[in-house]
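Chain by chain, the residues:
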Amino acid sequence: MPIVAAPHWTIQCRREPLQNEVSICRGAPARALAWRRVAVPGAEPHVAENLADETVDGRPPAVSRRYKGADMDVHAFARSFPVGSHLCREPMPPMAELKHDMETLRRNGFNLIKLQEHWMVDEPLEGVYDFSRYEELIEYAAGLDLGVYLGLTCEQAPQWLWRKHPNCRMVGRDGLPIAYEAQMTLPADGKPGPCFDHPGAMADQLRFIRELVRVLGRYENVVTWNTWQEIGYWGESLVGQKVCYCQYTIAHFQRWLAERYGDLDGLNRAWNTRYMSWDGVLPHRAARGNMALPHDVDWFYFMDNVQVAEVLRKRAETIRSADPLDRPVFAHKSAPAIGSGQDWTYARCQDFVGSSAYPARFLNLWDDGHPELGRPVERHAALLSEMWEYVALRYDYIRSSNRSGAPVWAAEFQGGPQSTGFHKGRVPSREDMRRWMLTAVGSGVTGIAFWVTRAEIMAGETNGFSLLDSVGDSSPRFDEASRIGRALNRHPELFGQPSWAGADVAVLVNEWNYQFCQSMAQGGDHLAYSLRGWHRLLWEMGIPVDFVEVSGLDERDLSGYKAAILPFPLSLSEDVAGKLAQFVERGGHLITEAAPGRLDEHAYANRGELSPAMAELHGVRQLSFTMVAEPASGARWSPTARTWGEYLEPALLDGVGSLDGTRLRANVYVETFDPSDASDAHVFLRYGSATAGVVREVGSGKAWLLGTYVGHNGTAYRDADTRQFVQALLRACSVEPAHVGQLLLRRRVLPDQEAWLFTNPTREAISESVDVRGWARVEDLLGEQPRQHGNTVSLSVPSLDVRVLVLSRM
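None of these values were measured; they are calculated from a predicted model. (Residues numbered from 1 in each chain as written. Predicted model: local features only at pLDDT ≥ 70, side-chain atom pairs only at ≥ 80, totals over all residues. Heavy atoms only, no water.)

S.K.: Residue-level account of the overall build of the protein, with values.
M.R.: The helix and strand tally for the protein stands at 20 helices and 32 strands. For the C-alpha atoms alone, the extent of the protein along its principal axes is close to 85 × 80 × 55 Å. Relative to its full complement of 810 residues, the protein shows a buried share of 62%. Taking the contacts inside the protein whose residues are at least 6 apart along the sequence as the reference set, 74% of them involve residues at least 24 apart. Taken as a whole, the protein presents about 30600 Å² of accessible surface, with 50% of it coming from carbon and sulfur. Seen as two clouds, the 84 positive and the 101 negative side-chain charges of the protein have centres 2 Å apart. (Helix = DSSP H or I, 4+ residues; strand = E, 2+ residues; numbered from the N terminus. Buried < 20%, exposed > 50% of the residue type's maximum accessible area, 1.4 Å probe, protein only. Contact = heavy atoms within 4.5 Å. Areas by Shrake-Rupley, 256 points an atom, 1.4 Å probe, with all protein chains shown as cover. Lys, Arg positive; Asp, Glu negative; His and termini not counted. Charge placed at Lys NZ, Arg CZ, Asp CG, Glu CD.)

Spelled out as structure tokens, the structure:
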């Protein structure tokens, strides 16, 4: 993909300051942050008065107010790589400890703190606000030159709201109101909270947000607003069932359906139903909820992409209307929903979307290396999974979901041992911190906020997660985070601004397919597993990847990619299939896994068991579609057979034609085809004598159809055959690794400077030569002396480590 030459979030000073001017930071979605300077005759330093005659993008004039916190050098912060830590949430440690910790952070090169506010605590009586502790902390931070990232916790609603609006309670799938009212921050920041489809609850929430921004927005060192602490309701895990089925959300759903389908006749045609009035159009609520009805697909799409999105959008709009400094607004996920397009939706409800990352976690149950009962975790497999899945995959996905040129924030980043109840996890080492942070930077991250500064005080997470222990001002993990943060801030333009070098390969994401698969027994697991497996295969081959949501193909052209991969595409609309065909006609390579469009976007089967448009594109009809057994009698994903004849024996498919000499393991199903005589499709994969893969030239490109699910082999039943097959397939699509060797290369790019991040995923140290021809200066990010011989640098990288070279043309 083309390099973003001028990132949208670049800071620009438009002119020299006038006498007695005051800096005011402005930010808006998909455009440059800029510094606006307003002349204030006779104003004291750091004070701005009488902005009432100014308008910002047509918004109401700002009211007269005093801006505080200008002791901080906001210009310098805008040019930095934000690296900081969550300082506190309610209940707070003592104020003296918090101030001391801010001093410790600043002394060690950190430039950011996060504060988490709580509606329940900050407006305990309706109309009675108390932000004094935040004001004290923000003002103290300004004196230390620390930016403040302020997070809202509106799900932890005040008790008066529940009494004022008794019908604002969320309703579960069983039709009963949720009794839970969050009394404290734990277990999950107040989730699921009130239903903000209730007009009274929404109005009170927005009024509270306006007041919070009015008061805390006076401080210039508040650099960003976060509207949702890990987006979502988490109903099933917290209250035992999905939410929300209240009258207000049902009415919202019905209005959205009317907009989507035009009228009731349009809905009936799509769903194959006979509704006579909108009152009867309801989500499916049966206890057995994995039948993939059209109602399910639309309902869960609505909840994830319309209902939640509306809450995000309203919060962001309210902050922007109340904040004359127009600072960026974002929210973050606990993790991206792999396979889903919801994160693309959320990124467009505000300026950008971020994600948490707590890498020291379990392997997936289907993965090679997952510990069986009584067996220890295999160390190398676990550490590699931390780097790849919980950092690289996570932030590749989040980066891709944001608009081009938007920030990419690790909004919560593991700082210490995970602690849940009486279960304390391993204490991250220096090596852990280095591999996690630099892997995140390699995926395009432009800011890191650790969770948390000092050990948690609440019992549920006691003494966990922190850079610092409960006492002391240093720890090996804190020192390493400090060292890396300082190093990144020696090159802030390169790392603190969006500078991802781009990718030749796009992995396609389809939110409608995701919602279908989530509603179908086993479907959602397979979709996410195949997609993440493709990413693992590409990551280990040193091939950078972007994710592209198919609904945004009009917004983001695929023409810059050499290849696009469509994993587990069970449900596919003819409209999307047509856009993919255009990509091929214009010169791209489309690699499609088995059974594309077996069902349409409304969860009804296509006759012939393929999308008509995809069958035409590939020039085939389906002959068979049969489950294939896992190797060695495995049962990681295979359901128990009802009777004989359901499974083929474990199989390797044989490459032929352009892929002659390669082999590919069959996973989940084997699909065989009959190429049309008129289609000029060529066989490249066989199951015995049957055709299990075809390629067809269409226009200037090629459409490749695989008769199985390749992505599963990225993490399960891994073998050299599949890796060699995928390498050969990508080579046939003109895709090559970014670096020739065992080290994996990611790049951050500016016109006259680049960072090359080399990762060693193997069990042994690797030494390789790197060609640096054309670069005037080469330095190691962390201060090691590169061994340069002419146009070559000798580079040694320990196992599971990352080393960064910074190259400059001048």
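Having put the structure on the table, let's press on.
S.K.: So, the pairing of strand β31 (residues 792-797): which residues are in play, and what are the values?
M.R.: As defined by bridge partners, strand β28 (residues 766-771) adjoins β31 across six bridges and the pair is classed as antiparallel. In the strand pairing of β31, Asp771 is matched with Thr792. Note that strand β30 (residues 787-789) and β31 share three bridges and pair antiparallel. Bridge pairing in β31 links Arg787 to Ser794. Counted along the chain from β30 to the antiparallel partner β31, the turn is two residues long, and its residue Gly790 has a positive phi close to 65 degrees. (Pairing = 2+ DSSP bridges.)

S.K.: Describe the sheet that holds β30, naming the residues involved and giving the relevant values.
M.R.: Across the sheet, which stays open at both edges, the three strands sit in the order β28-β31-β30 with antiparallel pairing between neighbours. Edge positions in the sheet fall to β28 and β30, since each has one partner strand and no second. This sheet shows a mean twist of 25 degrees between the axes of neighbouring strands, independent of strand direction. (Axes fitted to C-alpha atoms, helices over the stretch in contact; angles between N-to-C directions.)

S.K.: Got a sec to walk through the sheet that holds strand β26 (residues 744-750)? Specific residues and values, please.
M.R.: With antiparallel pairing, four strands are arranged side by side in an open sheet as β26-β27-β32-β29. Two strands close off the open sheet at either side, each with one partner strand: β26 and β29 (777-780). Taken pair by pair, the neighbouring strands of this sheet meet at an average axis angle of 20 degrees, ignoring direction. As paired strands, β29 and strand β32 (residues 802-808) are joined by four bridges and run antiparallel to one another.

S.K.: Give a description of the side chain of Arg696 that names residues and reports values.
M.R.: If you trace the backbone, Arg696 turns up in strand β24 (residues 690-698). A polar contact of 3.1 Å, which involves the side chain of Arg696, links it to the backbone oxygen of Glu616. Setting aside its immediate chain neighbours within four residues, Arg696 contacts Glu616, Leu617, His618, Gly619, Ser679, Asp680, Ala681, Gly701, Lys702 and Ala703. (Polar contact = N/O pair within 3.5 Å; in protein donor to acceptor, adjacent residues only side chain to side chain.)

S.K.: Kindly report on helix α13 (residues 430-442), identifying the contributing residues and their values.
M.R.: Residues that lie three or four places apart on an α-helix share one face, since the helix turns once every 3.6 residues. Taking 1.5 Å of rise per residue, 13 residues should cover 18 Å, and α13 covers 18 Å from first to last C-alpha, within 8% of that figure. Of all 13 residues that make up α13, 11 are buried, and the element is covered over most of its length. Within the span of α13, buried status applies to Asp432, Met433, Arg434, Arg435, Trp436, Met437, Leu438, Thr439, Ala440, Val441 and Gly442. Of the residues flanking the end of α13, it is Gly444, one or two places downstream, whose phi is positive at about 100 degrees. (Expected span 1.5 Å × (residues − 1).)

S.K.: Let's hear about the nonpolar core: which residues, and what values?
M.R.: With 182 residues, the main nonpolar core has Leu115, Phe413, Phe450 and Phe495 as its most contacted residues. The element that contributes the greatest number of residues to this core is helix α10 (residues 294-322), accounting for 14 residues. Among residues more than four places away in sequence, those in contact with Phe413 are Ala357, Tyr395, Trp436, Met437, Ala440, Ile448, Ala449, Phe450 and Trp451. Core analysis: the next-biggest nonpolar cluster, separate from the first, contains 21 residues, Val550, Tyr561, Leu566 and Leu617 among them. (Core = buried A, V, L, I, M, F, W, Y, C linked by side-chain atoms within 4.5 Å.)

S.K.: Can you explain empty space enclosed by the protein? Please cite residues and give values.
M.R.: Evaluated as defined, the whole model comprises four cavities of 30 Å³ or more. As a volume, the second largest cavity reaches approximately 160 Å³. Elements represented by at least two residues in the lining of the second largest cavity include exactly β4 (83-88) and α2 (95-107). When its residues are assigned to classes, the lining of the second largest cavity shows nine nonpolar, two polar and six charged. (1 Å grid on protein atoms, 1.4 Å probe; cavity = no way out; pocket = protein on both sides within 12 Å on 5 of 7 lines; lining within 4 Å. Points joined across faces, edges and corners; volume = space filled by probe spheres on them. Nonpolar A, V, L, I, M, F, W, Y, C, P; charged D, E, K, R; others polar.)

S.K.: Just give me the short version of the pairing of strand β20 (residues 652-655), but keep the residues and values in it.
M.R.: By the alternation rule, side chains of β20 split into Leu653 and Gly655, which are all buried, and Leu652 and Asp654, of which none is buried. Two strands pair when backbone bridges link them, and β20 and strand β21 (residues 663-665) are joined in this way by three bridges, in the antiparallel orientation. What sits directly across from Leu653, in β21, is Leu664. Looking at chain direction, β20 and strand β23 (residues 682-687) are connected through two bridges and run antiparallel.

S.K.: Residues and numbers for the environment of Phe516, please.
M.R.: Position of Phe516 relative to the elements: it lies in helix α16 (residues 511-518). When near neighbours in sequence (up to four residues on either side) are disregarded, Phe516 contacts Ala292, Val297, Leu570, Ser571, Leu599 and Ala603.

S.K.: Any chance you could break down the side chain of Ser400 for me, citing the residues and the numbers?
M.R.: If you trace the backbone, Ser400 turns up in helix α12 (residues 379-401). By relative accessible area, Ser400 is classed as buried at 3%. There is a polar contact of 2.7 Å between the side chain of Ser400 and the backbone oxygen of Asp396.

S.K.: Any details on the packing of aromatic side chains? Residues and values, ideally.
M.R.: All told, the structure shown has 33 aromatic pairs when counted by the stated rule. Look at Tyr149 and Phe330: their rings are 5.4 Å apart centre to centre, the planes differ by 45 degrees, and that puts the pair in the tilted class. Here Tyr149, found in strand β6 (residues 147-151), pairs with Phe330, found in strand β8 (residues 329-333); they are 181 residues apart in sequence, far enough to count as distant. Where Tyr358 meets Phe465, the ring centres are 5.7 Å apart and the plane angle is 85 degrees; that geometry is what we call edge-to-face. Of the two residues, Tyr358 sits in the loop between β9 (352-357) and α12 while Phe465 sits in the loop between β13 (447-451) and α14 (476-488), which places them 107 residues apart along the sequence. Overall, Tyr358 belongs to the buried group, its relative accessible area being 11%. Given the relative accessible area of 7%, Phe465 is considered buried. Three or more aromatic residues joined by ring pairs make a cluster, and in this case those are Tyr245, Phe253, Trp256, Trp299, Tyr301, Phe302 and Trp512. For the cation-ring pair, Arg315 lies above Trp228, with the distance from its terminal atom to the ring centre recorded as 4.7 Å. One residue, Arg536, lies across the ring of Trp388, its end atom 5.2 Å from the ring centre. (Phe/Tyr/Trp six-rings, centres within 6.5 Å; stacked < 30°, edge-to-face > 60°. Lys NZ or Arg CZ within 6 Å of the ring centre and 35° of its normal.)

As far as function goes, none of this settles anything; it's purely spatial.
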